[in-house]
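Chain by chain, the residues run as shown.
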Amino acid sequence: MRIEKRGNKKFMPLKKAYNLLLLVFLFLLPWQTRYIWHYGELNGGFWEYGTFSIYATEILLWIILALFFVQHFWKNGFWQYPSLYPSPKRGGARGWGFGFILFLLALALATVLSNNFWVSYNYAFHILEAMALMTVLAWQNEKVKFQIALWAGGVLQGALAIWQFLTQNVWVSKWLGMAGQEASNLGPSVIEFADQRWLRAYGSFGSPNSLGIYLAVLFVLGLVLYLKIESARIKIAISVGQIFILSGLLLSFSRGAWIAAAVGTACLGIVVGCHSERSKAKSKNPLNIKQEGSFIRQDEFRMTVTADLLKQLIFVAVTVIFWLIIFYPVFTARFNLNNRLESKSISERKGQYAEALYFIKTNPIFGIGPGAYTYVLYKKYPNLPSWQYQPIHNIYLLALVEIGLAGVIFLFFLFKRLFWLMVKNNLLYTPIIITLALAGIFDHWLWSMYAGIVLFWLIVGLGFSKE
């Protein structure tokens, strides 16, 4: 025992170092600062999905992984972490660890057989980075501070989104990884009504939909944090921060993100309501919400948690009504399907589904290659402008096209196992996962871009609990 304690003390500086860097990483994730070492090009135009670069946060991630590796790799318990690899009595090594390996093998095979090996290799590398980060987060005992760091980054993005929308300008900054956008130019995402063009908020992302998905997930995370944290001062800070996050979400005008946030919030209400009623006679609450280091009583649980959630929903309603009153014509234009841009958007997405189904039929088992969707579109339609080569706005169909049935089946059973573990050990967190999963139906960002891929896997990692 003494030797083990000394060993732990020996590695304590490493743990503190990578924990601190991890907090910084989670806060800075949205910023797209990067060094591009190879510009992708199709038909003389910039090709994002064929561009190879190193993100500033990616460098930070590798430092974190290196420190974590040095501290944990040689520990006997590293390969039997209970939340990741349950004991034989509860599923054993055939739990999600086995599905994890099978998915990696399918991903490797799809990369080797890809229509563009180097694009797929670069893409698969980002997935490996994100899965490694998930492992680091799954190992953390106290996850609230990491969740707060991630959420705080969303507050800053919400404030930036408000400023961008009110000024109708996204300024260019290579150091912050931001591309300039103006409503008067062709190309930026805008809302049209009458003779006006209103620029949607981008935050530091490459599209408003990316901002919307990011803020939708963090909005539901903020609700969960508000229910879990007891400090009155922190609750007030979370309430104020939630106003910025929700405002940024609304001003992204991402309808899919709105739906995902609404469903996630409803699921949270169901989880709180149903389980507080089911466990009236029990001495412990099933959501693992603690008070002063011990489990709270069920009567206290029902009153405090339900009241807290209602308070947050009131703040939500006030914020939504505020923005609707001020910019009512802009919001109504977004829901007017006869509007020129809205009609065009729906038509384009219908075309994307048709193309995706075609590629699935031609490469059903191993797919066209991870990240190679736009390249295959280019091979089929070689004369289009580069900006028209876009992935389908649905991560599930996009995954099926790119890694085929083999990869998707393994990925499905992997996440089925992961979700079951969360439902069992960390039920309050599941609405966040549902928000993330639903957002994937409306856009490709969580599957196609570095920041989206990392967000997807780190949200999963933050959901593990040793309870």
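In this text the structure is predicted, and so the values were computed from the model without any measurement. All residue numbers refer to position in the chain's written sequence, counted from 1. A pLDDT threshold of at least 70 governs which residues receive local features in this predicted model, and a stricter bar of 80 or more applies before side-chain atom pairs are shown or counted, although totals over entire chains, interfaces and linings include all residues. As a rule here, side-chain values cover all heavy atoms of the structure and leave hydrogens and water aside.

**Q** Got a minute to help me understand the overall build of the protein in this structure?
**A** Helix and strand assignments follow DSSP, with helices taken as H or I runs no shorter than four residues and strands as E runs no shorter than two, numbered in order from the N terminus. In terms of helices and strands, the protein carries 16 helices and ten strands. Any residue under 20% of the maximum accessible area for its type is buried, any over 50% is exposed, and the rest in between are partly exposed; the area is computed with a 1.4 Å probe on protein chains only. Counting the 467 residues in the protein, one finds 54% classified as buried. For this analysis, residues touch if any pair of their heavy atoms sits within 4.5 Å. Of the contacts formed within the protein by residues at least 6 apart in sequence, a portion of 73% connects residues at least 24 apart.

**Q** Please clarify how the nonpolar core should be interpreted in this entry.
**A** Note on soluble globular proteins: their nonpolar side chains tend to be buried together. Here the nonpolar core consists of buried residues drawn from Ala, Val, Leu, Ile, Met, Phe, Trp, Tyr and Cys, with membership extended through side-chain atoms lying within 4.5 Å. Residues F25, W457, L458 and I459 are the most contacted members of the largest nonpolar core, which totals 128 residues. No other element matches helix α6 (residues 208–228), which puts 15 residues into this core. Non-local contacts of W457, meaning those with residues more than four positions away in its chain, are made with F103, I127, A130, M131, M134, L411, L414 and F415. Ranked by size, the runner-up nonpolar core spans eight residues in total, among them L160, V170, M178 and V190.

**Q** How do you make sense of the pattern of salt bridges when you look at a structure like this?
**A** Oppositely charged side chains can pair when the atoms bearing their charge come close. The term salt bridge refers to a pairing of a side-chain nitrogen on Lys or Arg with a carboxyl oxygen on Asp or Glu at a separation within 4 Å. In this structure the tally under the stated criterion is four salt bridges. Between E48 and R34 there is a salt bridge, with its nearest N and O atoms 3.0 Å apart. In this pair, E48 sits in the loop between β3 (45–46) and β4 (52–55) while R34 sits in strand β1 (residues 34–38), placing the two residues 14 residues apart along the sequence. A salt bridge links D308 to K235; the nearest nitrogen and oxygen atoms lie 3.0 Å apart. Of this pair, D308 sits in helix α9 (residues 298–326) while K235 sits in helix α7 (residues 232–251), and the two are 73 residues apart along the sequence.

**Q** What is the right way to read the layout of surface pockets from this model?
**A** A water-sized probe, rolled over the atoms, reveals where empty space remains. Cavities and pockets were defined on a 1 Å grid built over protein atoms only: a cavity is a set of grid points that admits a 1.4 Å probe from which the probe cannot escape, a pocket is an open set flanked by protein on both sides within 12 Å along at least five of seven lines, and lining residues are those with an atom within 4 Å of any such point. Grid points are joined across faces, edges and corners, and a volume is the space filled by probe spheres set on the points. Each pocket or cavity is described by its volume, and for the second largest pocket that value is around 590 Å³. The wall of the second largest pocket is formed by 23 residues, among which Y396, L411, F415, A437 and F456 lie closest to the centre. When residues of the lining of the second largest pocket are traced back to their parent elements, those giving at least two are α4 (117–138), α13 (395–425), α14 (430–439), α15 (445–448) and α16 (450–462). Here the lining of the second largest pocket takes eleven residues from α13, the largest share from any one element.

**Q** Can you walk me through unusual backbone geometry in this structure?
**A** With the exception of glycine, the majority of residues adopt a negative phi angle, and the majority of peptide bonds are in the trans configuration. Of note, N43 is a non-glycine position whose phi angle comes to about 55 degrees, a positive value. Within the secondary structure, N43 is located in the loop between β2 (41–42) and β3. Taking relative accessible area as the criterion, N43 reaches 40% and is therefore assigned partly exposed. Here F253, not a glycine, exhibits a phi torsion of approximately 55 degrees, which is positive.

**Q** Whenever I open this one, empty space enclosed by the protein confuses me. Can you help?
**A** Taken as a whole and assessed by the stated rule, the structure comprises two cavities of 30 Å³ or more. Of the pockets and cavities examined, the largest cavity occupies roughly 240 Å³. Lining the largest cavity we find 21 residues, and of these E48, Y49, N122, S448 and M449 sit closest to its centre. When contributions to the lining of the largest cavity are tallied by element, the ones reaching two or more residues are β4, α4, α12 (373–380) and α15. Here the element with the most residues in the lining of the largest cavity is α4; it accounts for four residues. Amino acids are sorted into nonpolar (Ala, Val, Leu, Ile, Met, Phe, Trp, Tyr, Cys and Pro), charged (Asp, Glu, Lys and Arg) and polar (every other residue, Gly among them). Partitioning the lining of the largest cavity into residue classes produces eleven nonpolar, seven polar and three charged. In this structure, the second largest cavity occupies an estimated 40 Å³ of space. Every residue along the wall of the second largest cavity is listed here: F219, Q242, I243, L246, Q312, F315, V316 and T319. Secondary structure elements with two or more residues in the lining of the second largest cavity: α7 and α9. Take the lining of the second largest cavity: its biggest share by element is four residues, from α9. In the lining of the second largest cavity, the residues fall into five nonpolar, three polar and no charged.

**Q** Even after reading the chapter, I still don't get the pairing of strand β7 (residues 190–193), so can you show me in this structure?
**A** Residues in a regular strand point their side chains to alternate faces of the sheet. Burial along β7 is two-sided: the residues V190 and E192 and I191 and F193 are all buried. Strands are treated as partners if at least two bridges between them are detected by DSSP. Note: β7 against strand β8 (residues 196–199), four bridges, orientation antiparallel. Counted as the bridge partner of F193 is Q196 from β8. Once β7 ends, the chain turns through two residues before running back antiparallel as β8, passing A194 with a positive phi of about 55 degrees.

**Q** Sorry if this is basic, but what is going on with α13 here?
**A** Residues spaced three or four apart along an α-helix face the same direction, because each turn holds 3.6 residues. With 31 residues, α13 extends just 27 Å between its outermost C-alpha atoms, more than 12% less than the 45 Å of an ideal straight helix rising 1.5 Å per residue. Whenever a nitrogen or oxygen atom comes within 3.5 Å of another N or O atom, the pair is scored as a polar contact, on the condition that within protein one atom can donate a hydrogen and the other can accept it, and that pairs from neighbouring residues in sequence are kept only if both atoms are in side chains. Where α13 starts, the residue carrying a side-chain oxygen 2.9 Å from the main-chain nitrogen of Y396 turns out to be N394. What a helix is expected to span follows from its residue count: subtract one and scale by 1.5 Å.

**Q** Where do I start with the side chain of N116 in this structure?
**A** Considering the arrangement of structural elements, one finds N116 in the loop between α3 (96–112) and α4. Judged by relative accessible area, which is 17%, N116 ranks as buried. A distance of 3.3 Å separates the side chain of N116 from the backbone nitrogen of V119, its partner in a polar contact. Setting aside chain neighbours within four positions, we find N116 in contact with W47 and Y375.

**Q** What is the right way to look at a nonpolar patch on the surface in this model?
**A** Any residue with relative accessible area above 30% and no salt bridge may belong to a patch, with like charges joined within 9 Å and the nonpolar Val, Leu, Ile, Met, Phe, Trp and Tyr side chains within 5 Å. Working definition of accessibility: Shrake-Rupley area with a 1.4 Å probe, residue cover restricted to the visible protein chains. Nonpolar side chains collect at one region of the surface, where L109, V112, L113, F117, W118, Y121, I365, F366, L405, I409, F412 and F413 lie side by side and expose about 1200 Å² of accessible area between them. Of all the secondary-structure elements, those providing two or more residues to the nonpolar patch are α3, α4 and α13. When you line up the elements, V112 lands in helix α3. With a relative accessible area of 57%, V112 lands in the exposed category.

**Q** Honestly, the side chain of T111 in this entry has me stumped. Any pointers?
**A** One can find T111 in helix α3. The contacts of T111, once residues within four sequence positions are left out, are F117, S120, Y121, A124 and P370.

**Q** Where do I start with the confidence of the model for the protein in this structure?
**A** Close inspection of predicted coordinates is inappropriate in any region flagged by low pLDDT. Every residue carries a pLDDT, the predictor's confidence in it, which falls somewhere between 0 and 100. Model confidence for the protein is summarised by a mean pLDDT of 84, while 85% of its residues fall at 70 or above. When mean pLDDT is taken per element in the protein, helix α5 (residues 144–167) scores highest with 96 and strand β10 (residues 294–295) scores lowest with 42. Here residues 1–7 scores under 50 on pLDDT; set against residues more than four positions off or in separate chains, the count is zero contacts. Below pLDDT 50 for its whole length, residues 291–297 participates in 15 contacts with residues either more than four positions away or in separate chains.

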